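Residues per chain, in single letters:
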Amino acid sequence: MKISKTLAYSSILLAHLALAETALKTDNVVISATGFEQDADSNLRNVIVISGKDLEDKGYTSVEEALSRQAGVQFNRTGNFTNKSTNVDMRGQGNRANAAVKVMIDGVTLNVLDQEKLHAAGVAISPLDSVAIEDIERIEIIPGGGAVLYGNGTRGGAINIITKKNKTPQASISFKEQIFDSGNASSHLNLNFSNQISQNLAFSANISGFGGEGYRDGDKDNGFYAKTKLYVDIDDRQSLNFGFGYFKDSTKNTSAITKAQAEDNPKQRGSTNNSYNITRPEFNTEYKVSLSDIWDINAQAFWQKQQVDIAEGDTGLFSSGNFEDSVQGISLKSKIDYMQNSYFVFGYNFERHKSVTFSNSFSNIWADDRKDTHSIFALDSHQFNDFFVLSGGARYEYAKYDQSSRGASSTTGVQTYRSVFDTNSNNFALELTPSFAYSDTGRFYAKYERGYISPTPYQFRQSRRVMVGGTATTQYSMNDNLKSETYDTYELGMSDYLFGFYGLDIALYYTQSKDEITSRSSGSNFHLSQNGFGFYNLDKTIRYGVDINARQDFDGFSFYENFSYVDARISGGDLDKKRIPFVSAYKVSVGADYEIISDLRVFADLIYASKAREDQNNQYWIKEHFVTDIGATYTYEKLSVFAGVKNLFDYKYYLSQSTSTMQGVTTTSVLPADGRNYYVEFKYKF
């Protein structure tokens, strides 16, 4: 422990001294800053880009693994019983991460509509797992913002996963093997190809198959991913693209174990197994037209459905059940370049998000929820002179909710309750960002953003247990008092590339949220009547911190060190000054990349995350962790080889933790993270 703390504090000091970031401005083009492709240097937001080459060279097996190496990005596991969903967290959102950090694939949201309802049904889902790492062109990360362009749920930030769009003739095949110290292993096979059919027509396809065992005994996974795209260049100014994807996974995860068991043997099985069959079909089409040299229009239509079925062999609390989360909609946006380095973006979005759930535990429960949103937005960026740029925008959203649920006895089939309601909400967002260039490469900026997080249909539902004719009965009603969360973010930052080798980004931020939504049962919640459950608004929450990202590039050498700090607390009410659970105050990552000889590179990454509170009452801590990865890449003509070791020192830490007390006995259950493992990958380009 002393050694790990010494290394961690050394890393923090190094971050202050050297300041770098592995993915700092590695691509020349970004989309997420405006919704249109533009030069990274010309956008006013700090967009961190993880390139496809970085994803390939580091041997990442998933998007989660790649993002977890970023200092400003954390992951938390939330859910009931033994089931935990994985959420991406930025800037201290904690258990609100699914609602407060928007994750997209090519601009289409991956976040599920109602994660709380999903967990109540005994189901867990991690949508990031449904994206093949080999099909990613780059990942664009916007920390702490995006409400005007992306609407609801961007208080922590937005992440846009851009998939590959290959039109030229090419093909590649790769095989990857991951092996744990225990001997458990998994394999991954990928085929990627594209071809130009005619002058105006091209297609591409990415197909992956995977299977094997995980770190812990009882963890198994097998499935496939396929995505095809058709590109039609109508003429020099118009294009039409079609995409279809399908993901299928059969997974078995063993449940949590006690902390004492984990310290003794983190690989051992839990008392139950969670077995799921997961599918995610998707379809999208995009039309682009340049009406003139200064006016571009983009129209997109999309549909996707994530479905999770509790599979045969599941020994958890729920004997059967399924969960569907579907989203469909259209996005229309236009960009006008009206002066040099000045533009106006405006658009309209419609999205229908549906959630359908069935679960069977002590009774049969059905729920069918829908949220329709209509949004209009506008964003203007005006360059007044060579030194000053002012960006500002606004967004309005109207949301309509429909919620229906019912329950019936699992033995007699007699209906026990039925709840139906509908409601609506109105929300708006604002943004203002002045930017000052103090040199050819450097700028300062100040940003104000007012955003919102609107409730989900399930959160409007509340219940209480009452006696009717001597029988305990659950009564459901709509919570008319529940309001949308609103937040104000103030940010100061700078970005520069010094001396031709030293890149630096710094952002200081303060976010105050009002009416943040949370849930507690009546046993610890004075907001609810006796024997009830529901959601209510906290008084305020406050989050402030700093993100420092930079990189130094030399001939054959590159170094990076990045650092993030966040203080996330509740302000006011019965939980005043309590830390928001699942948030590490500090996260640091440092590393180096060295080209030993031509086509042979080695690298090392070190990642530290400080301890985090487990619960709202701040009684328990989740321990810190320190992980080291090393690896090498070698290319000979058309063959590339990647190999390395992850969690080199086999550091024991936990993905999630839950503490409970029954009959005076306190027990802490944990989900152990992966221990040391090895990987090797062979890739051949035809």
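Residues numbered from 1 in each chain as written. Predicted model: local features only at pLDDT ≥ 70, side-chain atom pairs only at ≥ 80, totals over all residues. Heavy atoms only, no water.

1. Digging into the nonpolar core
One finds V63, L67, L128, I139, I141 and I161 to be the most contacted residues of the largest nonpolar core, which totals 23 residues. Only β3 (48-51), α3 (63-68), β4 (73-78), β5 (85-90), β6 (101-105), β8 (136-143) and β9 (157-163) provide two or more residues apiece to this core. Beyond its immediate stretch of four places on either side in the chain, I139 contacts I48, V49, I50, L55, V63, L67, I159, N160 and I161. Core analysis: the second largest hydrophobic core is formed by 12 residues, M104, V148, Y150 and L379 among them. (Core = buried A, V, L, I, M, F, W, Y, C linked by side-chain atoms within 4.5 Å. Buried < 20%, exposed > 50% of the residue type's maximum accessible area, 1.4 Å probe, protein only. Helix = DSSP H or I, 4+ residues; strand = E, 2+ residues; numbered from the N terminus. Contact = heavy atoms within 4.5 Å.)

2. Overview of the packing of aromatic side chains
Taken as a whole, this structure holds 20 aromatic pairs when the rule is applied. Aromatic pair F180 and Y215: ring centres 5.7 Å apart, planes at 55 degrees, arrangement tilted. Taken together, the residues span a long stretch of sequence, with F180 in strand β10 (residues 170-180) and Y215 in the loop between β12 (201-213) and β13 (220-233) at a distance of 35 residues. The two residues F180 and Y215 agree in class, both being buried. Put simply, the rings of F554, F557, F559 and Y594 touch in pairs and so form one group of aromatic residues. (Phe/Tyr/Trp six-rings, centres within 6.5 Å; stacked < 30°, edge-to-face > 60°.)

3. Observations concerning the sheet that holds β3
Across a sheet, strands are paired by hydrogen bonds formed along the backbone, either parallel or antiparallel in direction. Taken in spatial order, the 5 strands of this open sheet run β3-β8-β9-β6-β7, and their pairing is mixed. The open sheet is flanked by β3 and β7 (108-109), the only strands paired with a single partner. Where β3 lies against β8, 4 bridges are found, and the strand directions are antiparallel. Paired with V49 across the bridge in β8 is E140. (Pairing = 2+ DSSP bridges.)

4. A word on the side chain of Q268
Relative to the assigned elements, Q268 resides in the loop between α7 (259-264) and β16 (273-290). Within the structure, the side chain of Q268 is placed 3.0 Å from the backbone oxygen of Q261, a separation counted as a polar contact. (Polar contact = N/O pair within 3.5 Å; in protein donor to acceptor, adjacent residues only side chain to side chain.)

5. Notes on the sheet that holds strand β39 (residues 665-672)
Taken in spatial order, the 3 strands make up an open sheet running β15-β39-β38, and their pairing is antiparallel. One side of each edge strand has no neighbouring strand; the edge strands of this open sheet are β15 (257-258) and β38 (654-662). Strand direction decides the pairing type here: β38 and β39, joined by 8 bridges, are antiparallel. Bridging from a neighbouring strand, Q657 pairs with V670 of β39.

6. A short note on unusual backbone geometry
Backbone geometry places D515, a non-glycine residue, at a positive phi of 65 degrees. Relative to the helices and strands, D515 resides in the loop between β27 (502-514) and β28 (517-521). Even without being glycine, E637 reaches a positive phi, approximately 55 degrees. Among the structural elements, E637 can be located in the loop between β36 (625-636) and β37 (639-646). Given a relative accessible area of 67%, E637 falls into the exposed group.

7. A word on a nonpolar patch on the surface
On the surface, I173, F175, L189, L191, I207, L639, F682, Y684 and F686 cluster together into a nonpolar patch covering about 790 Å² of accessible area. For the nonpolar patch, the elements supplying multiple residues, two or more each, are β10, β11 (185-198) and β40 (677-685). (Patch = residues over 30% accessible without salt bridge, like charges linked within 9 Å, V, L, I, M, F, W, Y side chains within 5 Å. Areas by Shrake-Rupley, 256 points an atom, 1.4 Å probe, with all protein chains shown as cover. Salt bridge = Lys/Arg side-chain N within 4 Å of Asp/Glu carboxyl O.)

8. Remarks on the pairing of β6
With respect to burial, β6 is a largely interior element, 5 of its 5 residues being buried. Across the two faces of β6 the burial is the same, with V101, V103 and I105 and K102 and M104 all buried. When β6 meets β7, the two strands line up antiparallel, connected through 2 bridges. Opposite M104, over in β7, you have T109 as the bridge partner. Between the end of β6 and the start of β7, which pair antiparallel, lie 2 residues, with D106 showing a positive phi angle near 50 degrees.

9. A closer look at the pairing of β37
For β36 and β37, the ladder comprises 7 bridges, and the chain directions are antiparallel. Bridge pairing in β37 places I630 opposite V645. Hairpin connection from β36 to β37: 2 residues lie between these consecutive antiparallel strands, with E637 at a positive phi of about 55 degrees. For β37 and β40, the ladder comprises 8 bridges, and the chain directions are antiparallel. Bridging across to β40, A643 finds its partner in V680.

The values are spatial; any link to function lies outside them.
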